[in-house]
Amino acid sequence: MIHPVLLCGGSGTRLWPLSRKSFPKQFTRLVDRESLFQASARRLTGADFAPPTIITGSDYRFIVTEQLHAVGVDPGPILIEPSARNTAPAVLAAALHLAKADPEALILVAPSDHVVPDAAAFRAAIAAGLPAARAGHIVTFGIRPTRAETGYGWLELTAPAQDGQPVALTRFVEKPARPAAEAMLAAGNYLWNAGIFLFTARTILAAFTEHAPALLPPVTAAVDQAQVDLGFLRLAPGPWAGAEAISIDYAVMERSSNLIAVPFGAGWSDLGGWDAVASEMGGDAQGNALSGPATAIDCRNSLLRSEDNSLELVGIGLDDIIAIATPDAVLVAHKSRAQDVKKAVEVLQTKGAKQAETFPRDHRPWGWFETLALSDRFQVKRIVVKPGAALSLQSHMHRSEHWIVVTGTAKVTVNETVRLVTENESVYIPLGAKHRMENPGKVPMVLIEVQTGSYLGEDDIIRYEDVYSRGQGAKG
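Owing to the predicted nature of the structure, the values given are computational and were not obtained by experimental measurement.

A. Structural detail: the overall build of the chain. A count of helices and strands for the chain gives 11 helices and 28 strands. In summary, the chain has a C-alpha radius of gyration of 24 Å against a globular reference of 23 Å for 476 residues, a match within 12%. Each principal axis of the C-alpha atoms in the chain carries an extent, and together these give about 75 × 60 × 40 Å. Relative to its 476 residues, the chain shows a buried fraction of 52%. In the chain, the proportion of contacts linking residues at least 24 apart, taken out of those at least 6 apart, comes to 68%. As presented, the chain carries roughly 20600 Å² of accessible surface, and 52% of it is formed by carbon and sulfur atoms.

B. Focus on the pairing of strand E5 (residues 138-143). Along E5, six of the six residues are buried, which leaves the element largely enclosed by surrounding structure. Burial along E5 is two-sided: Ile138, Thr140 and Gly142 facing one way and Val139, Phe141 and Ile143 facing the other are all buried. The sheet contact formed by E5 and strand E11 (residues 259-264) spans six bridges and is parallel. Residue pairing across strands places isoleucine 143 opposite phenylalanine 264, the latter belonging to E11. The pairing of E5 with strand E8 (residues 190-200) spans four bridges and is antiparallel. Within E8, the residue paired with threonine 140 across the bridge is phenylalanine 197.

C. Region of interest: helix H10 (residues 274-281). For H10, every residue scored as buried is listed here: Trp274, Ala276, Val277 and Ala278. Looking at the packing, one finds that the buried side of H10 touches strand E12 (289-291), strand E14 (303-306), strand E16 (321-326), strand E17 (329-334) and helix H11 (341-351). Backbone geometry just downstream of H10 places glycine 282 in the positive-phi region, at approximately 80°.

D. Region of the structure containing the UniProt feature "domain: MannoseP isomerase/GMP-like beta-helix" (unreviewed entry) in the chain. When the UniProt feature table is mapped onto this chain numbering, "domain: MannoseP isomerase/GMP-like beta-helix" (unreviewed entry) sits at residues 296-348. Structurally, residues 296-348 comprises 15% helix and 42% strand, and the distance from its first C-alpha atom to its last is 28 Å.

E. Just the nonpolar core, in detail. Judged by nonpolar contacts, the single largest core of 67 residues is most densely connected at Ile126, Phe141 and Leu198. Top element by residues in this core is helix H4 (residues 119-134). It accounts for six residues. Dropping the residues within four chain positions of it, phenylalanine 141 is found in contact with Leu108, Ala125, Ile126, Ala194, Ile196, Phe197, Leu198 and Val262. Ranked by size, the runner-up nonpolar core spans 49 residues in total, among them Leu79, Ile107, Phe197 and Leu205.

F. Geometry of the environment of isoleucine 324. By the secondary structure assignment, isoleucine 324 is in strand E16. You can call isoleucine 324 buried: its relative accessible area is 0%. Here the alpha-carbon distance between isoleucine 324 and leucine 15, two residues 309 residues apart in the chain, equals 9.5 Å. When neighbours within four sequence positions are excluded, isoleucine 324 is seen to be in contact with Pro17, Trp274, Leu303, Arg305, Ala329, Val330 and Leu331.

G. Examining the side chain of glutamine 38 more closely. Position of glutamine 38 among the secondary structure elements: in helix H1 (residues 36-43). Contact partners of glutamine 38, with chain neighbours within four places excluded, come to Gln67, Ala70 and Val71.

H. View of helix H2 (residues 61-70). Among the residues of H2, those classed as buried are Arg61, Phe62, Ile63, Val64, Gln67 and Leu68. A positive phi of about 75° marks glycine 72, the residue just after H2.

I. Quick look at the packing of helix H3 (residues 87-101) against helix H6 (residues 201-211). Between H3 and H6, whose axes approach to 10 Å, the crossing angle comes to 135°. In terms of orientation, H3 and H6 fall into the oblique class. When the axes of H3 and H6 are compared, the crossing they make is left-handed. Mapping the contact onto sequence places Ala88, Leu92, Ala95, Leu96 and Ala99 in H3 and Ala201, Ile204, Leu205 and Phe208 in H6. For the contact of H3 with H6, a count of residues per class yields nine nonpolar, no polar and no charged.

Cut-offs applied
- Residues numbered from 1 in each chain as written.
- Predicted model: local features only at pLDDT ≥ 70, side-chain atom pairs only at ≥ 80, totals over all residues.
- Heavy atoms only, no water.
- Helix = DSSP H or I, 4+ residues; strand = E, 2+ residues; numbered from the N terminus.
- Rg over C-alpha atoms; globule rule 2.2 N^0.38 Å.
- Buried < 20%, exposed > 50% of the residue type's maximum accessible area, 1.4 Å probe, protein only.
- Contact = heavy atoms within 4.5 Å.
- Areas by Shrake-Rupley, 256 points an atom, 1.4 Å probe, with all protein chains shown as cover.
- Pairing = 2+ DSSP bridges.
- UniProt positions renumbered as here; feature names shortened; annotations may be inferred.
- Core = buried A, V, L, I, M, F, W, Y, C linked by side-chain atoms within 4.5 Å.
- Axes fitted to C-alpha atoms, helices over the stretch in contact; angles between N-to-C directions.
- Parallel < 35°, antiparallel > 145°, perpendicular 65-115°, else oblique.
- Left-handed = near helix turned anticlockwise from the far one by under 90°.
- Nonpolar A, V, L, I, M, F, W, Y, C, P; charged D, E, K, R; others polar.

Structure (structure tokens):
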């Protein structure tokens, strides 16, 4: 039995403005009807696989469970990182947790934001690597290169790569300059580094002991002191903060001598930039990739993508251009600068622009809300509550609220009063009142909320009761 470990804590800044810290690319539908995370989970299900172990951040824990439920995947342990510490502590935490039940557990570590169109071929590659993993090797799955890519790390093999044939690994190569990439492509014994690994728990723990021993005490303590919270396993924040933020490649893989690579050539992309998304989407006769209400006139090899049905995106005379429009941000860049999109996020963060990290639509375990209008002393929101869901019992110190139900029925608590509010009815929430809304129906409940007050931030919230066991703060 193989235990998949899905890493899904990254922010995917190269795919801004569609991928942001509040809802990163792994949870977004970029090239298919399901998210990259959902596709990754389904790809690693079946008779040979245990329920996936998930490692994610606190803000994403309910997104993870909701998306897995939507595609019929029952998760295994969901480990919550108190803070992002890169992939080495995350992998170590998962290995320590799984080793408690079985020190010889087979673990497959995979990012959750990759595209692998041929799931059967990928599972066959995993099967090809199993004997080496059981024999104590660390197996990595390298991608047969199709171009002189400078945006990926590479793997040098001891022999030419043949799909599905394990071969010893000589070294890891950092992202190369163009001449070096062209030479490696021509050589035939190099692969792209996909960051996918297969090993036993005992093997990887021995590797950490040898090559990254400083990580063991804090991560072990974080796992041993973890607390169960609504089915999630929250790693202890105190010891976790003492773990170095370092990638699994730097901490362990580049220092290990027992690595075996399995070449994989059946199609793969890490969607590391909008140019890669355009390639996966395919194009028209002029090479243009279009999504949403987008129109290309006399354009060639361009990506035009509108994420709002009410926002028509039109390109005229564009060559090799990326244009992405969301309700609150627009990106226009040359395809050759796709890797520089992350710089835009850094600049926006410096400016204090909220678009750098958050969307107008904010996902919560009970549903979502979005801001329709915002000024100095008022804010208008649309709130959607899932059937059977409930917001926390809460109060605010700086604002009052007025709720108008437009779809469904709301069960509303205001201090000691509980009442049903139906379509076209409203209720007023005075400043400081304890209140809660619930959806007792079987269809999503939609309401318009008008806030007025001196401060309208999401952190102006005091929770008294919450079915999702969230703490204080904006998201808890």
